[in-house]
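The lines below spell out each chain.
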Amino acid sequence: MKNRYSLAAALALTLSAAGPASAQKSKPAAPNLTARVAQLAEQEKAQVIAWRRDLHEHPELGNQETRTAALVAAHLRSLGLEVQTDVARTGVVGILKGGRPGPVVALRADMDALPVTESADLPFASKVRTDYNGQQVGVMHACGHDTHVAMLLGAADVLVKMKKDLPGTVKFIFQPAEEGSLPGIEGGARLMVKEGVLENPKVDAIFGIHIQAQTEVGRLSYRPGGEMASSDVFSIKVKGKSAHGAYPWLSVDPVVTAAQIILGLQTIVSRQVELTEDAVVLTVGMVHGGVRNNIIPEQVELTGTIRCLNKGMQQKVWAAVRRTANGIAESAGATAEVDITNYAPITYNDPALTSRMVPSLQRAAGPANVTVQKAVTGAEDFAFYQEKVPGLFVFVGGMPVGKDPATTAPHHTAGFFVDESGLTLGVRTLATLALDYLNGK
């Protein structure tokens, strides 16, 4: 799989997807279906906002989304869908069989919230608190997963009403734990795939959307190829020899050695990778060691994250982290134990599927409101589905029109805010992607 795409290549792919007027004539836009989707999505607006507000007020952390799952399952059953519950712990899957035989398309929404205490002044703001890693914290939908669930429920309503126009099957995947769960507890898309969510019936393609608080409502953005970075977690245990802080020459000081390793790791990005090829991020986020000011400890542990946009670069960075940590530790007479694990692969939009579905995005939002975006160093476990079947992940604007993105609270923060007027476009986009794919657009 090739994961390298320049912006020029991405733009070229978009232009080729749009094609000349003569090419478009061979694949009519089926304006009657497009108009029907728009009409039904607009009718869902109030209900989608109501769902979103209810979910926002009652957030649940990863693998604990029992109330959310019950709400989702009850509504899907009310639509007459085949419903599976307790998938990957708290996940829900609904299956809609169309009026005629055909392929299988999946639509995915994530359900979990974050350990963040909400600061926004909203009548439906979260007041939920819980114990997380031994600390009392607030719980908040600080990444918009409440909107994702609401938009996919709205899309299910739309597609059920258009069942006769569906030559195939739609699988609605409501996924827990996209943000991860407590250490040692597996969950999220990886477990959904392991438990067979892409089988029975076998999925041919999958689509997902994500609200974007720094993009104006009414707009969609995407990127062919590597759209979001892989996310790796690394830990480095630096082991030395303890001594009294007054006699450092009797020690092999893991604190000083760890500090040198932290600085050395920064040269991996600045001096050892070709940044014109793709972006790389390497961050040390935690340093743990020592219990007293005058005792040199025996061990210091560093923990951090690595983000890459292609697999070749990822392999180079992993090797460089091990080489750097081990070399610096050895030079000090210490040892370094390096462990690197992958949390999420690269979110990779299949180029052929992306090219095929760009006209669908344009039908949903209008051609002027669909753009190719830069790659993102955040990560998404939607990538696990894309490793198994072709997938396309699209960003939906959630920022009030005219607002400066620089003054908008980012995702994963206490002031995170979504303009709910943008949710109808999310419903329209999901329904249009599914309808067009099944109809061979």
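Placed above this text is the structure.
Presented here is a report on the structure given in the accompanying data block. (Residues numbered from 1 in each chain as written. Predicted model: local features only at pLDDT ≥ 70, side-chain atom pairs only at ≥ 80, totals over all residues. Heavy atoms only, no water.)

**Regarding the pattern of salt bridges**
Link 1 in the chain: What the rule picks out here adds up to 14 salt bridges.
Link 2 in the chain: Note that Glu420 is salt-bridged to Arg53, the shortest N-O span being 2.8 Å. You can see Glu420 sitting in the loop between strand 18 (391-399) and helix 12 (423-438) and its partner Arg53 sitting in helix 4 (residues 45-57), a full 367 residues away along the chain.
Link 3 in the chain: With relative accessibility at 11%, the residue Glu420 sits in the buried group.
Link 4 in the chain: Overall, the relative accessible area of 37% leaves Arg53 in the partly exposed class.
Link 5 in the chain: A network of salt bridges, in which partner residues are shared, links Arg52, Arg53, Asp146 and Glu420. (Salt bridge = Lys/Arg side-chain N within 4 Å of Asp/Glu carboxyl O. Helix = DSSP H or I, 4+ residues; strand = E, 2+ residues; numbered from the N terminus. Buried < 20%, exposed > 50% of the residue type's maximum accessible area, 1.4 Å probe, protein only.)

**Some words on the sheet that holds strand 18**
Link 1 in the chain: Within the open sheet, the eight strands sit side by side as 1-2-6-3-7-18-8-17. Their pairing is mixed. At either margin of the open sheet sits one strand with a lone partner, and together these are strand 1 (82-87) and strand 17 (370-372). Strand-to-strand twist across the sheet, computed as the mean angle between neighbouring axes with direction ignored, equals 25°.
Link 2 in the chain: As paired elements, strand 1 and strand 2 (residues 91-97) share four bridges and run antiparallel to each other. Directly across from Val83, in strand 2, lies its bridge partner Gly94. (Pairing = 2+ DSSP bridges. Axes fitted to C-alpha atoms, helices over the stretch in contact; angles between N-to-C directions.)

**Things to note about unusual backbone geometry**
Link 1 in the chain: Omega for the peptide link from Asn200 to Pro201 comes to 0°, which places this bond in the cis form.
Link 2 in the chain: For Asn200, which is not a glycine, the phi torsion comes out positive at approximately 50°.
Link 3 in the chain: For Asn200, the location among the structural elements is in the loop between helix 7 (188-194) and strand 7 (205-216).
Link 4 in the chain: The class of Asn200 is exposed, set by a relative accessible area of 67%.

**Focus on the nonpolar core**
Link 1 in the chain: Of all hydrophobic cores here, the largest spans 69 residues; its most connected members are Leu76, Leu107, Leu159, Val170, Phe172, Phe174 and Phe207.
Link 2 in the chain: Apart from the residues within four sequence positions on either side, Leu76 is in contact with Leu81, Val83, Val92, Gly94, Leu153, Ala156 and Phe174.
Link 3 in the chain: Counting residues in each nonpolar core, the second largest holds 25 residues, with Phe234, Ile236, Val280 and Ala336 among its members. (Core = buried A, V, L, I, M, F, W, Y, C linked by side-chain atoms within 4.5 Å. Contact = heavy atoms within 4.5 Å.)

**Topic: the packing of helix 4 against helix 12**
Link 1 in the chain: Where helix 4 meets helix 12, the axes come as close as 9 Å, and the angle between the chain directions of the two elements is 105°. As far as their axial angle goes, helix 12 and helix 4 are roughly perpendicular. Seen from helix 4, the contacting residues are Lys45, Val48, Ile49 and Arg52; seen from helix 12, they are Leu423, Thr424 and Val427.
Link 2 in the chain: Partitioned by chemical class, the residues of the contact of helix 4 with helix 12 number four nonpolar, one polar and two charged. (Parallel < 35°, antiparallel > 145°, perpendicular 65-115°, else oblique. Nonpolar A, V, L, I, M, F, W, Y, C, P; charged D, E, K, R; others polar.)

**Let's talk about a nonpolar patch on the surface**
Link 1 in the chain: Residues Tyr247, Trp249 and Leu250 make up a contiguous nonpolar surface patch of roughly 390 Å² in combined accessible area.
Link 2 in the chain: Tracing the backbone through its elements, the reader meets Tyr247 in the loop between strand 11 (243-244) and helix 8 (254-272). (Patch = residues over 30% accessible without salt bridge, like charges linked within 9 Å, V, L, I, M, F, W, Y side chains within 5 Å. Areas by Shrake-Rupley, 256 points an atom, 1.4 Å probe, with all protein chains shown as cover.)

**A closer look at the packing of aromatic side chains**
Ring pairs (aromatic) are described by centroid distance and by the angle formed between their planes.
Link 1 in the chain: Here the structure, examined in full by the defined rule, presents five aromatic pairs.
Link 2 in the chain: Note on Tyr247 and Trp249: the rings are 5.9 Å apart at their centroids and 75° apart in plane angle, and the pair reads as edge-to-face.
Link 3 in the chain: Owing to a relative accessible area of 42%, Tyr247 belongs among the partly exposed residues under this scheme.
Link 4 in the chain: We classify Trp249 as exposed; its relative accessible area is 63%.
Link 5 in the chain: Ring plane angle 35° and centroid distance 4.9 Å describe the contact between Phe382 and Phe393, whose orientation is recorded as tilted. Of this pair, Phe382 sits in the loop between strand 17 and helix 11 (383-386) while Phe393 sits in strand 18; the two residues are 11 residues apart in sequence, bridging distant segments of the chain.
Link 6 in the chain: Residue Phe393 is classed as buried on the basis of its relative accessible area, which comes to 0%.
Link 7 in the chain: Grouping aromatic residues by their ring pairs yields a cluster made of Phe382, Tyr385, Phe393 and Phe395. (Phe/Tyr/Trp six-rings, centres within 6.5 Å; stacked < 30°, edge-to-face > 60°.)

**Comments concerning the side chain of Glu178**
Link 1 in the chain: Inspection of the secondary structure puts Glu178 in the loop between strand 6 (167-175) and helix 7.
Link 2 in the chain: Look at Glu178: it is buried, it has no salt bridge, and the nearest opposite charge is Arg108 at 4.8 Å.
Link 3 in the chain: Other than its neighbours up to four places away in sequence, Glu178 contacts Arg108, Asp110, Asp112, His145, Tyr343, Ala379, Glu380 and Asp381. (Lys, Arg positive; Asp, Glu negative; His and termini not counted.)

**Side note on helix 6 (residues 145-161)**
Link 1 in the chain: If you check helix 6, its first and last C-alpha atoms are 25 Å apart, about what 17 residues at 1.5 Å a residue would give, namely 24 Å.
Link 2 in the chain: Burial within helix 6 is extensive, with 15 of its 17 residues counted as buried. (Expected span 1.5 Å × (residues − 1).)

**Points about the sheet that holds strand 14 (residues 299-308)**
Link 1 in the chain: Read across the sheet, four strands follow the order 12-14-10-15 without closing on themselves; strand pairing throughout is antiparallel. Of all the strands in the sheet, the pair left with one neighbour each is strand 12 (280-289) and strand 15 (335-344). Between one strand axis and the next, the sheet turns by 20° as a mean value, whatever way the strands run.
Link 2 in the chain: In the sheet, strand 10 (residues 230-239) pairs with strand 14 via 10 bridges, with the strands oriented antiparallel. By the bridge assignment, Lys239 is partnered in strand 14 with Gln299.
Link 3 in the chain: Across the sheet, helix 8 lies against strand 10, strand 12 and strand 14, angled at about 170° from strand 12, the strand it touches most.

Worth remembering: the numbers are spatial, not functional.
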